[in-house]
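Examining the three-dimensional arrangement
Okay, here's what each chain looks like letter by letter:
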Amino acid sequence: MSIIKLEQIGFKYNEHQVLKNVSFEVKRGEFLGILGPNGSGKTTLLNVIDGILIPQEGELWINGTSCNKLKRENLAKIIAVVPQESLMLFPFTVQEIVLMGRAPHLGKWRFEGETDFKIAHQAMEMTDTLSLMNRSMNALSAGERQRVLIARALAQQPQIMLLDEPTAFLDIKHQIDFFDLIKTLNKNQTLTVIGVTHDINLASLYCDRIILLRDGHIHCMGSPEEVIAESHIREVYETNVTVDRNPVTGQPRVTLLSSHPSEGGSRSHSGAAPQL
Ligand code: ADP
């Protein structure tokens, strides 16, 4: 049985139809990437899966139960979100932030107990943030803050983790560190991961399967080899690229091509990890 199933989901903001006939399933323990240009509906799709937005069309199933029957608080025990850290303000210590992950399990008037502290402690251990526990979030580097947000999500003890462009503000070392940690949790804890990213090459390295969104519908879906093809990327992003193989991993690798006349129309973007 799939842990997540979307059946012909349609979503509109007022009269603006954003998601159109979106259907797919995610297996337990799978690492699914969602790619697509700005405005193609990636964040809207994550918000539908997280139960923040209710689709007007279609049906969403989590663990075989229709979300119409799942209360928001029960969904929060199953699904955790790691956001773009720059969007948040942090007047709290690391431990306080991580303990917030326990909120869905506490009920209305209960304060954290010994078990909650123990789970938060374990989450900090897994993300190498224990030594930061009494520091203020505001005093940490972007990479450290992102690890703390993973710890908060883990303290929620979720079955599914949603990532919304979590590495947008990280340098390449911290992008790799972030995805290595998520991949380890994905493998060791059988955590199901759905990640929105702009970085096609990172998605190629880490995802089992990728969905490429275009204008609110699924343009194509499959393994990185199937999805990261020149024709798909050109059609969806309307830009000139070439795709070859990463010489070390063999995974598909996208290189940007300039269309500026002085660059001869074919000069590639240099650098180890060209990004779209
Ligand atoms: P992406 O994450 O791929 O950039 P989004 O899901 O954020 O795309 O947005 C898809 C479309 O929905 C865009 O046209 C955007 O302007 C619109 N949109 C997003 N959020 C809202 C909102 N709260 N109200 C109205 N329109 C929205």
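It should be noted that the structure appears before, not after, this text.
Presented here is an overview of the structure given in this document. (Residues numbered from 1 in each chain as written. Predicted model: local features only at pLDDT ≥ 70, side-chain atom pairs only at ≥ 80, totals over all residues. Heavy atoms only, no water.)

1. Describing the environment of Leu53
For Leu53, the location among the structural elements is in the loop between helix H1 (42-49) and strand E4 (57-62). On a C-alpha basis, the gap between Leu53 and Tyr13 in space is 9.7 Å, while along the polypeptide they are 40 residues apart. Apart from residues lying up to four places away in sequence, Leu53 is in contact with Phe11, Tyr13, Thr44, Asn47 and Val48. (Helix = DSSP H or I, 4+ residues; strand = E, 2+ residues; numbered from the N terminus. Contact = heavy atoms within 4.5 Å.)

2. Quick word on the sheet that holds strand E8 (residues 192-196)
Pairing between sheet strands relies on hydrogen bonds along the backbone, with the strands arranged either parallel or antiparallel. Ordered in space as E6-E7-E8-E3-E9-E10, the 6 strands form an open sheet in which the pairing is mixed. In this open sheet, the two edge strands, each paired with only one partner strand, are strand E6 (79-82) and strand E10 (217-222). On average, adjacent strands in this sheet sit at an angle of 20° to one another, irrespective of strand direction. Sheet topology note: the strand E7 (residues 160-164)/E8 ladder contains 5 bridges and is parallel. (Pairing = 2+ DSSP bridges. Axes fitted to C-alpha atoms, helices over the stretch in contact; angles between N-to-C directions.)

3. A look at the site of the ligand
Every residue lining the ligand is accounted for by Tyr13, His16, Val18, Pro37, Asn38, Gly39, Ser40, Gly41, Lys42, Thr43 and Thr44. Between the ligand and the protein, one listed contact pairs a nitrogen atom with a side-chain N or O atom of Tyr13 at 3.4 Å. In the environment of the ligand, an oxygen atom lies 2.9 Å from a nitrogen or oxygen atom belonging to the backbone of Thr43. Protein chains shield 58% of the accessible area of the ligand, which is 560 Å² for the free molecule. For the shell around the ligand, the elements supplying multiple residues, two or more each, are strand E2 (16-26) and H1. The biggest single contributor to the shell around the ligand is H1, with 3 residues. Class assignment for the residues of the shell around the ligand results in 3 nonpolar, 7 polar and 1 charged. (Near = heavy atom within 4 Å. Polar contact = N/O pair within 3.5 Å; in protein donor to acceptor, adjacent residues only side chain to side chain. Areas by Shrake-Rupley, 256 points an atom, 1.4 Å probe, with all protein chains shown as cover. Nonpolar A, V, L, I, M, F, W, Y, C, P; charged D, E, K, R; others polar.)

4. Here we look at the sheet that holds strand E1 (residues 4-13)
Across the sheet, which stays open at both edges, the 4 strands sit in the order E2-E1-E4-E5 with antiparallel pairing between neighbours. Because the sheet does not close on itself, it has two edges, and the strands there are E2 and strand E5 (65-66). In the sheet, E4 pairs with E5 via 2 bridges, with the strands oriented antiparallel. The residue of E5 that forms the bridge with Ile62 is Thr65.

5. Let's talk about the packing of helix H5 (residues 114-126) against helix H6 (residues 142-155)
Where H5 contacts H6, the axes come no closer than 8 Å and their chain directions differ by 140°. Accordingly, the angle class assigned to the pair H5 and H6 is oblique. Both H5 and H6 take part in a crossing whose hand is right-handed. Packed against H5, whose contacting residues are Ile119, Ala120, Ala123, Met124 and Met126, the element H6 presents Ala151, Leu154 and Ala155 at the interface. A breakdown of the residues in the contact of H5 with H6 according to their chemical character gives 8 nonpolar, no polar and no charged. (Parallel < 35°, antiparallel > 145°, perpendicular 65-115°, else oblique. Left-handed = near helix turned anticlockwise from the far one by under 90°.)

6. A closer look at the packing of aromatic side chains
Taken as a whole and assessed by the stated rule, the structure comprises 4 aromatic pairs. Between Phe11 and Tyr13 the ring centres are 4.8 Å apart and the planes differ by 85°, which places this aromatic pair in the edge-to-face class. What makes Tyr13 partly exposed here is its relative accessible area of 37%. (Phe/Tyr/Trp six-rings, centres within 6.5 Å; stacked < 30°, edge-to-face > 60°. Buried < 20%, exposed > 50% of the residue type's maximum accessible area, 1.4 Å probe, protein only.)

7. Points about the nonpolar core
Judged by nonpolar contacts, the single largest core of 49 residues is most densely connected at Val98, Ile150 and Met161. The biggest single contributor to this core is H6, with 7 residues. Every residue in contact with Ile150, bar those within four places of it in the chain, is listed here: Val82, Thr127, Met161, Phe178, Leu181, Ile182 and Leu185. Core analysis: the second largest hydrophobic core is formed by 30 residues, Leu53, Cys67, Ile78 and Ile79 among them. (Core = buried A, V, L, I, M, F, W, Y, C linked by side-chain atoms within 4.5 Å.)

8. Points about the pairing of strand E12 (residues 252-256)
Burial runs high along E12: 4 of the 5 residues are buried. Here strand E11 (residues 241-245) pairs with E12 via 5 bridges, running antiparallel. Its bridge partner lying in E12, Val243 is registered against Val254. Counting the residues between successive antiparallel strands, the hairpin from E11 to E12 contains 6 residues, one of them, Gly250, with a positive phi of roughly 80°.

9. Overview of the pattern of salt bridges
In total, this model carries 9 salt bridges according to the counting rule given. Close ionic contact of Arg209 with Glu30 constitutes a salt bridge, the shortest N to O distance being 2.5 Å. Here Arg209, found in strand E9 (residues 209-214), pairs with Glu30, found in the loop between E2 and strand E3 (31-35); they are 179 residues apart in sequence, far enough to count as distant. (Salt bridge = Lys/Arg side-chain N within 4 Å of Asp/Glu carboxyl O.)

10. Some points on the environment of Leu170
Relative to the elements of secondary structure, Leu170 occurs in the loop between E7 and helix H7 (172-188). Judged by its relative accessible area of 9%, Leu170 falls in the buried class. In this structure the C-alpha to C-alpha distance between Leu170 and Gln146, which are 24 residues apart in sequence, comes to 8.9 Å. Those residues in contact with Leu170 that sit more than four places away from it in its chain are Ala142, Gly143, Gln146, Gln175 and Phe178.

Nothing here speaks to function; it is geometry throughout.
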